[in-house]
Amino acid sequence: MRFIFVLALALISLNSFAGGGWAELKPDDYLLWPGTYGKDKIRVQLVDDAGLAIDPGGCATDGAFSYYVQSTLSQNVINRIYSLLLATKMAKQSLRIYVAGCEDGFPAIQSLQF
């Protein structure tokens, strides 16, 4: 019985970490949209030469070419993510994004690392 409990706990723990991944954004590889087509969502659109977005959640059916910042994050976190995206874009610096889950059919940005 103890073995089954430990096995179930291990599977739940592994599942909670599955489905996410880090990607590097170089300043010339993306366009930053503060709002997209009347939606109050931050979009990071990859330019043609940058390839496809990582899509660990399998959100896009024809390949992902954009990321959205996850709208369920607090407004304070969303503001900080946008500020860091804009600052690194203007300073021509790269940064890393953590992508997990989906937002409007595209991979969702959960966190940044500079």
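Here the structure is shown first, and the text comes after it.
What you see is a predicted model; the values in this text were computed from it and never measured. (Residues numbered from 1 in each chain as written. Predicted model: local features only at pLDDT ≥ 70, side-chain atom pairs only at ≥ 80, totals over all residues. Heavy atoms only, no water.)

1. Digging into the overall build of the chain
Looking only at helices and strands, the chain has two helices and six strands in total. The N-to-C order of helical and strand elements in the chain reads α-β-β-β-β-α-β-β. When the 114 residues of the chain are sorted by exposure, 32% land in the buried category. Look at the contacts in the chain between residues 6 or more apart in sequence, and 58% of them connect residues 24 or more apart. (Helix = DSSP H or I, 4+ residues; strand = E, 2+ residues; numbered from the N terminus. Buried < 20%, exposed > 50% of the residue type's maximum accessible area, 1.4 Å probe, protein only. Contact = heavy atoms within 4.5 Å.)

2. A short note on the pairing of strand E4 (residues 66–69)
Side chains Ser 66 and Tyr 68 project from E4 onto one buried face, and the interleaved Tyr 67 and Val 69 project onto a second face that is buried too. Here strand E3 (residues 43–46) pairs with E4 via three bridges, running antiparallel. Bridge pairing in E4 links Gln 45 to Ser 66. Bridge count between E4 and strand E6 (residues 106–113): two bridges; the pairing is parallel. Counted as the bridge partner of Val 69 is Ile 109 from E6. (Pairing = 2+ DSSP bridges.)

3. Digging into the packing of aromatic side chains
Inspection of the entire model under this criterion finds three aromatic pairs. The structure contains a cluster of three or more aromatic residues connected by ring pairs, namely Phe 65, Tyr 68 and Phe 106. The ring centre of Trp 33 lies 5.0 Å from the NZ or CZ of Arg 43, which sits over that ring. The lysine or arginine in question, Lys 89, covers the ring of Tyr 30, its NZ or CZ lying 4.6 Å from the ring centre. (Phe/Tyr/Trp six-rings, centres within 6.5 Å; stacked < 30°, edge-to-face > 60°. Lys NZ or Arg CZ within 6 Å of the ring centre and 35° of its normal.)

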